[in-house]
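Commentary on secondary and tertiary structure
One-letter residues, chain by chain:
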Amino acid sequence: MKLAAIDIGSNAIRLQITTTIRSKGQLHFKKLEYVRFPLRLGQDVFNTGQISKQKKVKFKKLMKAFKLLIDLYEVDDYFACATSAMRESKNGKEIVEEVEKDCDLKIKIIDGSKEALLINNAIGTFLEQKRNYLHIDVGGGSTELTVIKSGSKVKSKSFKVGSVRRLEHHDSPAIWKAMKRWVEENKLEQTTAVGTGGNINKLFELAGKEKGDKLSIEKLKEIQQYVRNMSIDHRINELQLNPDRADVIVPASEIYIAAMEWSGASNILVPDVGLKDGMMQHLYLKNAEEEKITFG
């Protein structure tokens, strides 16, 4: 079964196409294609309230290109979803309707709770059943926080605090206070943080950590300061960061560190999964259920 996920974020837009493989009783998603385009819709939306004409044109071209790839790979099913920037944009719904009319690509604008649910489904296999976790997912426009106790979600909430929003100075002190209060009111004993999002993945890599390692808050602060002391050009040339990562990585790190401090978490797990992975699982389960109904 071939599946495709389009993640329309505030900083970048991603397409991933995979094929599902069953080996030794386990399900695997083999990547066939991955495209990341740094359109940064959030820059428009958080400053003006809507997506500009220039970015609207680029966005529609990108969606046409993604639809062509989906058709060329003969994908069985796809899921295209838009998060913070698109759902807050005054012309977001209008653009989504135009895309569907122009290239027959359906996009679903999802809320923060749906976004958190999809990402939480993707991290489940990386967690120990008897431990407590605070899942921190930092996007360009929002941060999704989820408290997990003994393998079960206790509470989840989305906050309008994100890397692009913070870079553009559109994250209000009131929202930061509300986020801190929520974490402190819902924190569990001996909590370990779980971080998802492109910025924490890059910070984890810069710390020299390997898959399965934990990153301490002290080391995370050390890496944050190391990057902060560099100019944007040095971050691009010396650390080989993409330009759209180089300017948001420090604002994003501030969100992860703050949430860890409020929860009392001294370490963070970084499983290198995200929204697109949760979308793939959603698609697989949906189609597997349909096959079961159709073929018995």
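The structure contained in this document is the topic of the report that follows. (Residues numbered from 1 in each chain as written. Predicted model: local features only at pLDDT ≥ 70, side-chain atom pairs only at ≥ 80, totals over all residues. Heavy atoms only, no water.)

**What about the overall build of the protein?**
For the protein, the count of helices and strands is 13 helices and 11 strands. Relative to the globule expectation of 19 Å for 296 residues, the C-alpha radius of gyration of the protein, 19 Å, shows essentially globular dimensions. Taken along its principal axes, the extent of the C-alpha atoms in the protein is 50 × 50 × 35 Å. When the accessible surface of the protein is summed, it comes to about 14,600 Å², and 47% of that surface belongs to carbon and sulfur atoms. Here the protein contributes 48 positive and 40 negative side-chain charges, whose respective centroids are spaced 2 Å apart. (Helix = DSSP H or I, 4+ residues; strand = E, 2+ residues; numbered from the N terminus. Rg over C-alpha atoms; globule rule 2.2 N^0.38 Å. Areas by Shrake-Rupley, 256 points an atom, 1.4 Å probe, with all protein chains shown as cover. Lys, Arg positive; Asp, Glu negative; His and termini not counted. Charge placed at Lys NZ, Arg CZ, Asp CG, Glu CD.)

**Quick look at empty space enclosed by the protein**
Under the defined criterion, the tally for this structure stands at 1 cavity of 30 Å³ or more. For the largest cavity, the full set of lining residues is Asn132, Tyr133, Leu134, Val147, Val183, Asn186, Lys187, Leu188, Thr191 and Ser263. Among the elements that line the lining of the largest cavity, the one with the most residues is strand 6 (residues 132-138), at 3 residues. The residue inventory of the lining of the largest cavity, partitioned by class, reads 5 nonpolar, 4 polar and 1 charged. (1 Å grid on protein atoms, 1.4 Å probe; cavity = no way out; pocket = protein on both sides within 12 Å on 5 of 7 lines; lining within 4 Å. Points joined across faces, edges and corners; volume = space filled by probe spheres on them. Nonpolar A, V, L, I, M, F, W, Y, C, P; charged D, E, K, R; others polar.)

**As for unusual backbone geometry**
In the Ramachandran plot, aspartate 104 falls in the positive-phi region, its phi being about 55 degrees despite a non-glycine side chain. Counting through the fold element by element, aspartate 104 comes out in the loop between helix 4 (92-103) and strand 5 (108-109). A relative accessible area of 51% places aspartate 104 in the exposed class. With phi around 50 degrees, glutamine 190 is a residue other than glycine that occupies positive phi space. In this structure, glutamine 190 sits in the loop between helix 7 (173-186) and strand 9 (191-196). (Buried < 20%, exposed > 50% of the residue type's maximum accessible area, 1.4 Å probe, protein only.)

**Observations regarding the sheet that holds strand 5**
With respect to topology, 5 strands assemble into an open sheet ordered 3-2-1-4-5, the strand pairing being mixed. Since the sheet does not close on itself, it has two edges, and those belong to strand 3 (26-37) and strand 5, each with one partner. Relative to strand 3, strand 2 (residues 13-23) is paired through 11 bridges, and the arrangement is antiparallel. Among the inter-strand pairings, threonine 20 is bridged to a residue of strand 3, identified as phenylalanine 29. Set on the sheet, helix 2 (residues 53-72) makes contact with strand 1 (2-8), strand 2, strand 3 and strand 4 (77-82); between it and strand 2 the angle comes to about 20 degrees. (Pairing = 2+ DSSP bridges. Contact = heavy atoms within 4.5 Å. Axes fitted to C-alpha atoms, helices over the stretch in contact; angles between N-to-C directions.)

**Some points on the pairing of strand 6**
Within strand 6, 7 of the 7 residues are buried, which leaves the element mostly enclosed by the surrounding structure. Burial of the side chains of strand 6 extends over both faces: Asn132, Leu134, Ile136 and Val138 are buried on one face and Tyr133, His135 and Asp137 on the other. Relative to strand 7 (residues 143-149), strand 6 runs antiparallel, the two being bridged by 7 bridges. Its bridge partner being in strand 7, asparagine 132 is matched across the sheet by lysine 149. Pairing of strand 6 with strand 9 involves 6 bridges; the strand directions are parallel. When the bridges of strand 9 are listed, leucine 134 appears paired with alanine 193.

**Digging into the pattern of salt bridges**
Inspection of the entire model under this criterion finds 19 salt bridges. The partner of arginine 40 in a salt bridge is aspartate 247, with the nearest N and O atoms 2.8 Å apart. Pair noted here: arginine 40 is in the loop between strand 3 and helix 1 (41-48) and aspartate 247 is in the loop between helix 11 (243-246) and helix 12 (249-263), with a separation of 207 residues, a long-range link. Residue lysine 202 is joined to glutamate 205 by a salt bridge in which the shortest nitrogen-to-oxygen separation is 3.3 Å. Placement of the pair is lysine 202 and glutamate 205 together in helix 8 (residues 198-206), with a separation of 3 residues, close to one helical turn. You can call lysine 202 buried: its relative accessible area is 18%. Overlapping salt bridges, with partners in common, bring together Lys56, Lys60, Glu94, Glu98 and Asp102 in one network. (Salt bridge = Lys/Arg side-chain N within 4 Å of Asp/Glu carboxyl O.)

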